[in-house]
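Spelled out from the first residue to the last, the chains are:
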Amino acid sequence: MSIMELLKTRRTYRRFEQRQIPSEVISEMMEAARYASSAANLQPLKYLVVQSPNRVTEVFAHTRWAGYLPAEQGVPAEGQRPTLFVVVLEDSEISKSAYVATDAGLAISNMTLAAWDHGVGSCIIGACDKEWLSEYFQLPSKLKVHSVVAFGYPTHTSRCEDMTDSIKYHLDENGDYLAPKRRIEDVVKYL
Ligand SMILES: Cc1cc2nc3c(=O)[nH]c(=O)nc-3n(C[C@H](O)[C@H](O)[C@H](O)COP(=O)(O)O)c2cc1C
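The model shown is predicted, which means the values in this text are computed figures rather than measured ones. (Residues numbered from 1 in each chain as written. Predicted model: local features only at pLDDT ≥ 70, side-chain atom pairs only at ≥ 80, totals over all residues. Heavy atoms only, no water.)

1. What to know about the sheet that holds strand E2 (residues 84–91)
Stated formally: Here a strand pair is declared whenever DSSP counts at least two bridges between the two strands. In this text, helices come from DSSP runs of H or I with a minimum length of four residues, and strands from runs of E with a minimum of two, each type numbered from the N-terminal end. The convention used is that axes are lines fitted to C-alpha atoms, helices contributing only their stretch in contact, and that angles between N-to-C directions extend from 0 to 180 degrees. Residues count as neighbours in contact if any of their non-hydrogen atoms are within 4.5 Å of one another.
Judged by pairing direction, the sheet is antiparallel, and its four strands sit side by side in the order E1-E2-E4-E3 without closing on themselves. Two strands bound the open sheet, and with one partner strand each, they are strand E1 (45–50) and strand E3 (121–125). Taken pair by pair, the neighbouring strands of this sheet meet at an average axis angle of 25°, ignoring direction. Pairing between E2 and strand E4 (residues 143–152): eight bridges, direction antiparallel. By the bridge assignment for E4, Val88 is matched with Ser147. Sheet strands in contact with helix H2 (residues 23–34) are E1, E2 and E4, and its direction is about 165° off that of E1.

Okay, here's the thing in structure tokens:
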């Protein structure tokens, strides 16, 4: 896949097959995160790779999905849930700078692109219960939860469309996702 094709199709996916992601693919995703640029090269991010089915089920119960859609459309039902979560952590002993959030965005981008290169779809979840996650994983106080990222082999397609009147993503008649993107002329100015 060309880089542009990878970028266009690496979208948010919210329904998945129940087949496990091979360990080589997971290792590559985590390597991709490690290679991300980092402000002052401090590299304050740490990751928990949650793969045991019991833990995945518990983490899923503390995530919120697709706020623009009714739950029966946007929240993955049993049998469609992600098979892996990566919890993204910020180590406050290494950095407390506002750039940590930028680092996290870049690392998540690398991770999800590396996954998609192997057909593994993802959903970044900011709306997770960070307090519960900290307690459940018995995190030391220096580690703060940034987000969790859900992974799995998608059972639907997701594509972009030019935005007309709303930025809200929606499903088409086949249950596939459409994500409206602001038009190029509305976001880029060539001088
Ligand atoms: C920082 C961030 C936080 C997000 N949090 C959630 C979330 O809590 N739950 C969810 O279902 N999707 C979440 N998403 C996915 C967005 O809804 C999705 O990126 C957006 O609708 C555009 O779709 P696209 O990724 O296919 O372009 C998040 C995305 C980002 C970048």
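2. Some thoughts on the packing of aromatic side chains
For clarity, the cut-off: Any two rings among Phe, Tyr and Trp, with Trp reduced to its six-membered ring, count as a pair given centres within 6.5 Å; such a pair is stacked if its planes are under 30 degrees apart, edge-to-face if over 60, and tilted if neither. Three exposure classes are used, based on accessible area relative to the maximum for each residue type with a 1.4 Å probe and protein chains only: buried under 20%, partly exposed in between, and exposed over 50%. Placement of a charge over a ring requires the Lys NZ or Arg CZ to be within 6 Å of the ring centre, with the centre-to-atom vector within 35 degrees of the ring normal.
Summed over the entire model, instances satisfying the criterion amount to six aromatic pairs. Centroid distance Tyr13 to Trp116: 4.9 Å. Interplanar angle 25°. Geometry classified as stacked. Of this pair, Tyr13 sits in the loop between helix H1 (3–9) and H2 while Trp116 sits in helix H5 (residues 99–116), and the two are 103 residues apart along the sequence. When sorted by exposure, Tyr13 lands in the same class as Trp116, which is buried. Judged by centre distance (6.2 Å) and plane angle (50°), the rings of Tyr169 and Tyr177 are tilted. Residue Tyr169 is classed as buried on the basis of its relative accessible area of 19%. Classification of Tyr177 by relative accessible area gives buried; the value is 3%. Positioned above the aromatic ring of Tyr169, the side-chain terminus of Arg14 is 4.5 Å from the ring centre. Its end group placed over the ring of Tyr153, Arg19 keeps NZ or CZ at 3.7 Å from the ring centre.

3. Looking at the site of the ligand
As a reminder of what qualifies: Only a single heavy atom is needed: when it lies within 4 Å of a molecule or strand, its residue is near that molecule or strand. In protein, a polar contact requires one atom able to donate a hydrogen and another able to accept it; more generally it is a pair of N or O atoms within 3.5 Å, and residues adjacent in sequence count only if both atoms are side-chain atoms. In short, Shrake-Rupley with a 1.4 Å probe defines the accessible areas, and a residue's cover is counted only from the protein chains shown.
Of all residues adjacent to the ligand, which total 14 residues, the nearest are Arg11, Thr12, Ala66, Ile124 and Lys181. At 2.6 Å, a side-chain N or O of Thr12 approaches an oxygen atom of the ligand. Ile124 is positioned with one of its backbone polar atoms (N or O) 3.0 Å from a nitrogen atom of the ligand. Computed on the free molecule, the ligand has an accessible area of 620 Å², of which 67% lies beneath the protein chains in the complex. Listed by contribution, the elements that provide at least two residues to the shell around the ligand are E3 and strand E7 (177–181). Counting residues per element, the shell around the ligand draws most heavily on E3, at three residues.

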